[in-house]
Amino acid sequence: MLQLDFLDDLRRMNIRQLFYQVLNFAMIVSSALMIWKGLMVVTGSESPIVVVLSGSMEPAFHRGDLLFLTNYDHEPIRAGEIVVFKVEGRDIPIVHRVMKVHEKEDGTVKFLTKGDNNNVDDRGLYANGQAWLNRKDVVGRARGYVPFIGIVTIIMNDYPKFKYAVLAGLGIFVLIHRE
Amino acid sequence: MPEKVVATMEENPPKVNKWDGNALKNALDDAVKDVLLSRFSYIESHKLLDGRLIISSVAVGFSVFALIWDLLYPFPQSRTVMCVCVISYFIMMGVLTWYTTYLECGIFCTALKKDAAGIDPDDVWNASSSLKRFDNKYHLRVTQKAGKTGKAKEARTVLTVENYFDETGKLLYGSVAKEVLRLHSDVEHKKN
(Lines give C-alpha, C1' and ligand atoms only; values in the text may rest on other atoms or scores of the structure.)
Protein backbone atom coordinates (compact mmCIF):
# COMPACT_ATOMS: atom_id res chain seq x y z
CA MET A 1 0.00 0.00 0.00
CA LEU A 2 2.93 2.24 0.64
CA GLN A 3 3.77 2.11 -3.01
CA LEU A 4 0.27 3.23 -3.92
CA ASP A 5 0.36 6.26 -1.66
CA PHE A 6 3.64 7.20 -3.04
CA LEU A 7 2.42 7.20 -6.63
CA ASP A 8 -0.89 8.79 -5.75
CA ASP A 9 0.39 12.26 -6.52
CA LEU A 10 1.25 11.15 -10.04
CA ARG A 11 -1.99 9.28 -10.56
CA ARG A 12 -4.02 12.44 -10.03
CA MET A 13 -2.17 14.27 -12.79
CA ASN A 14 -3.67 14.74 -16.21
CA ILE A 15 -1.83 14.16 -19.45
CA ARG A 16 -0.54 17.75 -19.66
CA GLN A 17 0.84 17.66 -16.15
CA LEU A 18 2.52 14.34 -16.83
CA PHE A 19 4.04 15.72 -20.00
CA TYR A 20 5.34 18.70 -18.05
CA GLN A 21 6.79 16.32 -15.48
CA VAL A 22 8.82 14.68 -18.25
CA LEU A 23 9.76 18.06 -19.69
CA ASN A 24 10.87 19.21 -16.25
CA PHE A 25 13.22 16.24 -16.06
CA ALA A 26 14.46 17.01 -19.57
CA MET A 27 15.10 20.61 -18.55
CA ILE A 28 17.24 19.58 -15.61
CA VAL A 29 19.38 17.42 -17.88
CA SER A 30 19.37 20.14 -20.56
CA SER A 31 20.51 22.82 -18.15
CA ALA A 32 23.55 20.75 -17.21
CA LEU A 33 24.24 20.03 -20.87
CA MET A 34 23.86 23.66 -21.93
CA ILE A 35 26.12 24.93 -19.14
CA TRP A 36 28.73 22.44 -20.35
CA LYS A 37 28.30 23.50 -24.00
CA GLY A 38 28.37 27.12 -22.94
CA LEU A 39 31.67 26.57 -21.14
CA MET A 40 32.98 24.86 -24.28
CA VAL A 41 32.16 27.93 -26.36
CA VAL A 42 33.63 30.34 -23.81
CA THR A 43 36.85 28.43 -23.19
CA GLY A 44 37.31 27.06 -26.70
CA SER A 45 38.07 23.68 -25.22
CA GLU A 46 36.03 20.59 -26.04
CA SER A 47 36.34 19.54 -22.41
CA PRO A 48 36.64 22.67 -20.24
CA ILE A 49 36.75 20.78 -16.94
CA VAL A 50 38.75 17.61 -16.39
CA VAL A 51 39.58 15.45 -13.40
CA VAL A 52 43.15 14.38 -12.74
CA LEU A 53 43.10 10.58 -12.77
CA SER A 54 46.72 9.73 -12.04
CA GLY A 55 49.50 10.81 -9.74
CA SER A 56 51.89 11.52 -12.60
CA MET A 57 51.79 15.30 -12.00
CA GLU A 58 52.39 15.23 -8.24
CA PRO A 59 53.10 17.40 -6.35
CA ALA A 60 51.38 19.94 -8.64
CA PHE A 61 48.16 17.96 -9.06
CA HIS A 62 46.87 14.97 -7.17
CA ARG A 63 44.36 12.32 -8.12
CA GLY A 64 40.93 13.86 -7.88
CA ASP A 65 41.86 17.48 -8.54
CA LEU A 66 39.53 19.36 -10.84
CA LEU A 67 41.20 21.36 -13.61
CA PHE A 68 39.75 24.26 -15.60
CA LEU A 69 41.01 24.47 -19.14
CA THR A 70 41.04 27.03 -21.89
CA ASN A 71 42.11 26.45 -25.44
CA TYR A 72 42.38 29.76 -27.28
CA ASP A 73 44.08 29.61 -30.66
CA HIS A 74 45.84 32.94 -30.14
CA GLU A 75 47.67 31.77 -27.02
CA PRO A 76 50.90 30.07 -28.01
CA ILE A 77 52.05 26.88 -26.34
CA ARG A 78 55.18 27.42 -24.24
CA ALA A 79 57.56 25.16 -22.36
CA GLY A 80 56.59 24.85 -18.69
CA GLU A 81 52.85 25.06 -19.33
CA ILE A 82 50.56 22.25 -18.26
CA VAL A 83 48.51 20.92 -21.14
CA VAL A 84 45.81 18.33 -21.49
CA PHE A 85 46.19 16.34 -24.68
CA LYS A 86 44.68 13.42 -26.49
CA VAL A 87 46.66 10.56 -27.95
CA GLU A 88 45.33 8.35 -30.71
CA GLY A 89 44.25 5.01 -29.35
CA ARG A 90 43.69 6.31 -25.82
CA ASP A 91 40.22 7.26 -24.63
CA ILE A 92 41.27 9.38 -21.69
CA PRO A 93 43.18 12.65 -22.20
CA ILE A 94 46.47 13.11 -20.32
CA VAL A 95 47.52 16.10 -18.16
CA HIS A 96 51.29 16.74 -18.42
CA ARG A 97 53.81 19.56 -18.62
CA VAL A 98 55.33 20.82 -21.87
CA MET A 99 59.09 20.25 -21.93
CA LYS A 100 60.27 21.15 -25.41
CA VAL A 101 58.63 23.30 -28.08
CA HIS A 102 59.53 23.71 -31.73
CA GLU A 103 57.69 26.50 -33.45
CA LYS A 104 57.81 27.51 -37.10
CA GLU A 105 57.23 31.03 -38.37
CA ASP A 106 53.90 30.02 -39.90
CA GLY A 107 52.73 29.13 -36.38
CA THR A 108 52.82 25.34 -36.64
CA VAL A 109 54.15 23.88 -33.47
CA LYS A 110 55.31 20.52 -32.20
CA PHE A 111 56.10 19.79 -28.60
CA LEU A 112 57.10 17.12 -26.11
CA THR A 113 55.51 16.55 -22.71
CA LYS A 114 56.41 14.81 -19.46
CA GLY A 115 54.68 14.16 -16.17
CA ASP A 116 56.37 15.96 -13.26
CA ASN A 117 56.33 12.77 -11.25
CA ASN A 118 57.49 10.51 -14.11
CA ASN A 119 61.11 9.63 -14.73
CA VAL A 120 60.84 9.70 -18.49
CA ASP A 121 59.16 11.87 -21.08
CA ASP A 122 55.89 10.91 -22.76
CA ARG A 123 57.19 9.46 -26.03
CA GLY A 124 56.33 6.01 -24.74
CA LEU A 125 52.73 7.15 -24.19
CA TYR A 126 52.22 8.66 -27.64
CA ALA A 127 50.86 6.64 -30.54
CA ASN A 128 53.26 4.21 -32.21
CA GLY A 129 55.91 6.15 -34.12
CA GLN A 130 54.72 9.53 -32.85
CA ALA A 131 57.57 11.63 -31.45
CA TRP A 132 55.83 15.00 -31.00
CA LEU A 133 52.41 16.41 -30.21
CA ASN A 134 50.72 18.96 -32.48
CA ARG A 135 48.34 21.83 -31.83
CA LYS A 136 45.35 19.66 -32.77
CA ASP A 137 46.15 17.13 -30.03
CA VAL A 138 45.65 19.76 -27.33
CA VAL A 139 42.36 19.69 -25.42
CA GLY A 140 43.29 22.69 -23.29
CA ARG A 141 45.75 24.44 -21.03
CA ALA A 142 45.28 24.25 -17.25
CA ARG A 143 44.17 27.64 -15.95
CA GLY A 144 42.96 26.85 -12.47
CA TYR A 145 42.15 23.95 -10.20
CA VAL A 146 40.05 22.87 -7.25
CA PRO A 147 41.55 20.11 -5.14
CA PHE A 148 39.83 16.81 -4.24
CA ILE A 149 36.35 17.51 -5.64
CA GLY A 150 36.93 15.25 -8.62
CA ILE A 151 37.36 12.26 -6.34
CA VAL A 152 33.60 11.79 -6.68
CA THR A 153 34.06 11.30 -10.43
CA ILE A 154 36.88 8.85 -9.82
CA ILE A 155 34.78 6.77 -7.43
CA MET A 156 31.90 6.86 -9.90
CA ASN A 157 34.17 5.68 -12.71
CA ASP A 158 35.73 2.95 -10.57
CA TYR A 159 32.30 1.61 -9.65
CA PRO A 160 30.12 2.05 -12.74
CA LYS A 161 27.24 0.15 -11.14
CA PHE A 162 27.19 2.66 -8.29
CA LYS A 163 27.19 5.49 -10.82
CA TYR A 164 24.23 4.10 -12.75
CA ALA A 165 22.37 3.38 -9.51
CA VAL A 166 22.83 6.98 -8.33
CA LEU A 167 21.84 8.41 -11.72
CA ALA A 168 18.82 6.15 -12.02
CA GLY A 169 17.77 7.00 -8.46
CA LEU A 170 18.00 10.73 -9.07
CA GLY A 171 16.19 10.39 -12.40
CA ILE A 172 13.32 8.41 -10.92
CA PHE A 173 13.05 10.81 -8.00
CA VAL A 174 12.70 13.80 -10.32
CA LEU A 175 10.23 11.97 -12.57
CA ILE A 176 7.87 10.80 -9.86
CA HIS A 177 8.22 13.77 -7.54
CA ARG A 178 5.59 16.31 -8.45
CA GLU A 179 7.03 19.83 -8.58
CA MET B 1 -6.78 -6.97 -17.08
CA PRO B 2 -8.48 -5.64 -13.97
CA GLU B 3 -11.45 -3.46 -14.61
CA LYS B 4 -10.65 0.16 -14.22
CA VAL B 5 -12.71 1.77 -11.52
CA VAL B 6 -13.04 5.49 -11.83
CA ALA B 7 -13.63 6.92 -8.41
CA THR B 8 -14.21 10.62 -8.05
CA MET B 9 -11.94 12.55 -5.80
CA GLU B 10 -14.81 13.03 -3.39
CA GLU B 11 -15.32 9.27 -3.01
CA ASN B 12 -11.64 8.55 -2.85
CA PRO B 13 -9.76 11.55 -1.50
CA PRO B 14 -5.97 11.40 -1.76
CA LYS B 15 -3.81 10.41 1.16
CA VAL B 16 -0.57 12.32 1.56
CA ASN B 17 2.46 12.47 3.73
CA LYS B 18 1.53 15.38 5.97
CA TRP B 19 5.16 16.42 6.43
CA ASP B 20 5.65 16.98 2.72
CA GLY B 21 4.55 20.54 2.02
CA ASN B 22 4.52 19.99 -1.71
CA ALA B 23 2.24 16.99 -1.45
CA LEU B 24 -0.13 18.95 0.81
CA LYS B 25 -0.30 21.80 -1.65
CA ASN B 26 -0.82 19.50 -4.62
CA ALA B 27 -3.60 17.63 -2.86
CA LEU B 28 -5.36 20.86 -1.85
CA ASP B 29 -4.93 22.33 -5.34
CA ASP B 30 -6.37 19.21 -6.91
CA ALA B 31 -9.31 19.24 -4.51
CA VAL B 32 -10.06 22.92 -5.16
CA LYS B 33 -9.93 22.29 -8.89
CA ASP B 34 -12.15 19.25 -8.55
CA VAL B 35 -14.73 21.23 -6.61
CA LEU B 36 -14.75 24.08 -9.11
CA LEU B 37 -15.14 21.76 -12.07
CA SER B 38 -17.57 19.25 -10.58
CA ARG B 39 -19.94 21.51 -8.64
CA PHE B 40 -20.47 24.02 -11.42
CA SER B 41 -20.87 23.38 -15.08
CA TYR B 42 -17.53 24.95 -15.90
CA ILE B 43 -15.12 23.84 -18.57
CA GLU B 44 -11.44 23.68 -17.76
CA SER B 45 -9.17 25.79 -19.92
CA HIS B 46 -5.62 24.51 -20.39
CA LYS B 47 -4.22 27.63 -22.04
CA LEU B 48 -1.87 28.62 -19.23
CA LEU B 49 -0.34 25.18 -18.86
CA ASP B 50 -0.15 24.78 -22.64
CA GLY B 51 1.87 27.99 -22.80
CA ARG B 52 4.29 26.63 -20.23
CA LEU B 53 4.53 23.35 -22.13
CA ILE B 54 5.35 25.15 -25.37
CA ILE B 55 8.06 27.28 -23.75
CA SER B 56 9.65 24.26 -22.08
CA SER B 57 9.45 22.17 -25.25
CA VAL B 58 11.18 24.85 -27.26
CA ALA B 59 13.92 25.11 -24.62
CA VAL B 60 14.44 21.34 -24.57
CA GLY B 61 14.34 21.39 -28.37
CA PHE B 62 17.34 23.75 -28.43
CA SER B 63 19.35 21.46 -26.17
CA VAL B 64 18.46 18.31 -28.11
CA PHE B 65 19.39 20.08 -31.33
CA ALA B 66 22.70 21.17 -29.81
CA LEU B 67 23.38 17.62 -28.66
CA ILE B 68 22.74 16.11 -32.09
CA TRP B 69 24.59 18.85 -33.96
CA ASP B 70 27.64 18.44 -31.75
CA LEU B 71 27.67 14.70 -32.46
CA LEU B 72 27.50 15.30 -36.22
CA TYR B 73 30.00 18.17 -36.31
CA PRO B 74 32.41 17.81 -33.36
CA PHE B 75 33.28 20.83 -31.31
CA PRO B 76 35.44 23.43 -33.00
CA GLN B 77 33.22 23.14 -36.10
CA SER B 78 29.98 23.37 -34.18
CA ARG B 79 31.00 26.46 -32.24
CA THR B 80 28.56 28.96 -33.78
CA VAL B 81 25.61 26.59 -33.53
CA MET B 82 26.49 25.79 -29.91
CA CYS B 83 26.68 29.48 -29.12
CA VAL B 84 23.23 30.13 -30.62
CA CYS B 85 21.68 27.10 -28.89
CA VAL B 86 23.14 27.91 -25.47
CA ILE B 87 22.02 31.54 -25.60
CA SER B 88 18.56 30.61 -26.89
CA TYR B 89 18.20 27.96 -24.21
CA PHE B 90 18.96 30.35 -21.39
CA ILE B 91 16.68 32.98 -22.91
CA MET B 92 13.89 30.38 -22.94
CA MET B 93 14.64 29.60 -19.29
CA GLY B 94 14.28 33.31 -18.55
CA VAL B 95 11.00 33.41 -20.47
CA LEU B 96 9.78 30.39 -18.51
CA THR B 97 10.62 32.06 -15.20
CA TRP B 98 8.89 35.23 -16.30
CA TYR B 99 5.86 33.24 -17.47
CA THR B 100 5.45 31.33 -14.22
CA THR B 101 6.03 34.38 -12.01
CA TYR B 102 4.06 37.04 -13.85
CA LEU B 103 1.48 35.22 -15.95
CA GLU B 104 0.73 32.06 -14.02
CA CYS B 105 1.29 33.53 -10.53
CA GLY B 106 0.37 30.23 -8.95
CA ILE B 107 -2.84 29.78 -10.97
CA PHE B 108 -3.46 26.05 -11.07
CA CYS B 109 -6.93 26.03 -12.51
CA THR B 110 -8.74 28.11 -15.08
CA ALA B 111 -12.42 27.34 -15.53
CA LEU B 112 -14.67 28.88 -18.13
CA LYS B 113 -18.33 29.55 -17.57
CA LYS B 114 -19.97 29.48 -20.95
CA ASP B 115 -22.55 32.14 -21.60
CA ALA B 116 -25.97 30.50 -21.56
CA ALA B 117 -27.00 32.18 -24.77
CA GLY B 118 -23.64 31.57 -26.36
CA ILE B 119 -23.27 35.19 -27.39
CA ASP B 120 -21.17 36.88 -24.73
CA PRO B 121 -17.61 35.81 -24.05
CA ASP B 122 -17.04 33.28 -21.26
CA ASP B 123 -16.64 34.21 -17.63
CA VAL B 124 -13.16 33.20 -16.55
CA TRP B 125 -12.59 31.73 -13.10
CA ASN B 126 -9.05 31.38 -11.86
CA ALA B 127 -7.84 29.68 -8.73
CA SER B 128 -4.34 30.30 -7.45
CA SER B 129 -2.60 29.23 -4.29
CA SER B 130 0.62 29.37 -2.38
CA LEU B 131 2.02 27.50 0.57
CA LYS B 132 5.32 28.66 1.99
CA ARG B 133 7.92 26.12 2.94
CA PHE B 134 7.53 24.81 6.49
CA ASP B 135 4.36 26.88 6.83
CA ASN B 136 0.89 25.56 7.51
CA LYS B 137 -1.03 28.42 5.94
CA TYR B 138 -2.43 27.63 2.53
CA HIS B 139 -3.34 30.86 0.74
CA LEU B 140 -6.13 30.42 -1.75
CA ARG B 141 -7.39 33.06 -4.13
CA VAL B 142 -10.33 32.75 -6.46
CA THR B 143 -10.94 35.36 -9.13
CA GLN B 144 -13.65 35.87 -11.65
CA LYS B 145 -13.41 37.93 -14.77
CA ALA B 146 -16.80 38.61 -16.26
CA GLY B 147 -16.77 37.95 -19.96
CA LYS B 148 -19.37 40.61 -20.71
CA THR B 149 -17.96 43.54 -18.77
CA GLY B 150 -14.36 42.42 -18.34
CA LYS B 151 -14.60 43.35 -14.67
CA ALA B 152 -12.57 41.29 -12.23
CA LYS B 153 -13.64 40.24 -8.76
CA GLU B 154 -11.72 38.18 -6.27
CA ALA B 155 -11.89 36.56 -2.87
CA ARG B 156 -9.10 35.17 -0.74
CA THR B 157 -8.84 32.91 2.19
CA VAL B 158 -6.16 31.34 4.30
CA LEU B 159 -6.61 27.69 5.17
CA THR B 160 -4.68 26.08 7.98
CA VAL B 161 -3.63 22.84 6.37
CA GLU B 162 -4.01 20.54 9.37
CA ASN B 163 -7.75 21.22 9.40
CA TYR B 164 -8.11 19.72 5.95
CA PHE B 165 -6.35 16.41 6.47
CA ASP B 166 -7.19 13.73 9.00
CA GLU B 167 -4.54 12.14 11.23
CA THR B 168 -3.63 9.55 8.57
CA GLY B 169 -3.10 12.26 5.97
CA LYS B 170 -6.34 11.69 4.08
CA LEU B 171 -7.72 14.84 2.53
CA LEU B 172 -11.02 15.99 4.02
CA TYR B 173 -12.73 16.71 0.76
CA GLY B 174 -15.93 17.97 2.32
CA SER B 175 -14.18 20.67 4.33
CA VAL B 176 -12.24 21.88 1.32
CA ALA B 177 -15.40 21.88 -0.80
CA LYS B 178 -17.18 23.98 1.81
CA GLU B 179 -14.43 26.61 1.73
CA VAL B 180 -14.31 26.67 -2.04
CA LEU B 181 -18.06 27.01 -2.38
CA ARG B 182 -18.01 29.81 0.17
CA LEU B 183 -15.26 31.63 -1.72
CA HIS B 184 -17.08 31.05 -4.98
CA SER B 185 -20.31 32.58 -3.69
CA ASP B 186 -18.38 35.45 -2.08
CA VAL B 187 -16.96 36.31 -5.47
CA GLU B 188 -20.25 35.84 -7.25
CA HIS B 189 -22.16 38.11 -4.91
CA LYS B 190 -19.48 40.70 -4.53
CA LYS B 191 -20.44 44.08 -5.92
CA ASN B 192 -17.86 46.01 -7.76
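Owing to the predicted nature of the structure, the values given are computational and were not obtained by experimental measurement.

Caption draft 1: Quick peek at the sheet that holds strand E3 (residues 123-131) of chain B. Residues and elements named next belong to chain B. Taking strand neighbours across the sheet as the criterion, the 5 strands line up as E1-E2-E3-E4-E5 in an open arrangement whose pairing is antiparallel. Both outer strands of the open sheet, strand E1 (43-44) and strand E5 (152-160), are each paired with one neighbouring strand and no more. One ladder, built from 9 bridges, connects strand E4 (residues 137-145) with E5; its direction is antiparallel. From the neighbouring strand, threonine 143 faces E5, where its bridge partner is glutamate 154. Relative to E5, helix H4 (residues 173-189) is tilted by about 155°, and along the sheet it contacts strand E2 (107-113), E3, E4 and E5.

Caption draft 2: Spatial organisation of a nonpolar patch on the surface. Together, B:Ile87, B:Ile91, B:Val95, B:Trp98, B:Tyr102 and B:Leu103 give the surface a local cluster of nonpolar side chains, amounting to about 610 Å² of exposed area. Structurally, B:Trp98 is set in helix H3 (residues 75-104).

Caption draft 3: How the structure looks around the domain arrangement of chain A. Residues and elements named next belong to chain A. What the domain assignment lists for chain A is domain 1 (5-40 + 152-176) and domain 2 (49-148). Taking the mean C-alpha position of each, domain 1 and domain 2 sit 34 Å from one another. Counting residues at the interface gives 5 residues for domain 1, matched by 6 residues for domain 2. Counting each side, the surface lost to burial between domain 1 and domain 2 is near 430 Å², with a carbon and sulfur contribution of 72%. Summed over the three residues of domain 1 that lose the most area to domain 2, namely Trp36, Thr153 and Ile154, the buried surface amounts to 77% of that side. The tally of links between domain 1 and domain 2 comes to 1 salt bridge. Between aspartate 158 and arginine 63 there is a salt bridge, and its shortest N-O distance comes to 3.9 Å. Here the element with the most residues in the side of domain 1 that touches domain 2 is helix H3 (residues 151-158); it accounts for 3 residues. Looking at side-chain class alone, the side of domain 1 that touches domain 2 contains 3 nonpolar, 1 polar and 1 charged residues.

Caption draft 4: Looking closely at the packing of helix H2 (residues 15-43) of chain A against helix H4 (residues 160-176) of chain A. Residue and element names in this part refer to chain A. Interhelical geometry of H2 versus H4 gives an angle of 140° and a closest axis separation of 8 Å. Taken together, H2 and H4 sit at an angle that is classed as oblique. Relative to H4, the crossing made by H2 is right-handed. For the pair H2 and H4, contact is made by Gln21, Val22, Phe25 and Ile28 and by Gly171, Val174, Leu175 and Ile176, respectively.

Caption draft 5: Looking closely at the environment of B:Ile107. Residues and elements named next belong to chain B. Within the secondary structure, isoleucine 107 sits in strand E2. For the pair isoleucine 107 and aspartate 30, spaced 77 residues apart in sequence, the C-alpha to C-alpha distance is 12 Å. Each residue touching isoleucine 107, except ones within four places of it in the same chain, is listed here: Leu48, Asn126, Ala127 and Ser128.

Definitions and cut-offs
- Residues numbered from 1 in each chain as written.
- Chains lettered and ligands numbered in written order.
- Predicted model: local features only at pLDDT ≥ 70, side-chain atom pairs only at ≥ 80, totals over all residues.
- Heavy atoms only, no water.
- Pairing = 2+ DSSP bridges.
- Helix = DSSP H or I, 4+ residues; strand = E, 2+ residues; numbered from the N terminus.
- Contact = heavy atoms within 4.5 Å.
- Axes fitted to C-alpha atoms, helices over the stretch in contact; angles between N-to-C directions.
- Patch = residues over 30% accessible without salt bridge, like charges linked within 9 Å, V, L, I, M, F, W, Y side chains within 5 Å.
- Areas by Shrake-Rupley, 256 points an atom, 1.4 Å probe, with all protein chains shown as cover.
- Salt bridge = Lys/Arg side-chain N within 4 Å of Asp/Glu carboxyl O.
- Domains from an automatic or database assignment.
- Buried area = accessible area lost by both parts, 1.4 Å probe.
- Nonpolar A, V, L, I, M, F, W, Y, C, P; charged D, E, K, R; others polar.
- Parallel < 35°, antiparallel > 145°, perpendicular 65-115°, else oblique.
- Left-handed = near helix turned anticlockwise from the far one by under 90°.

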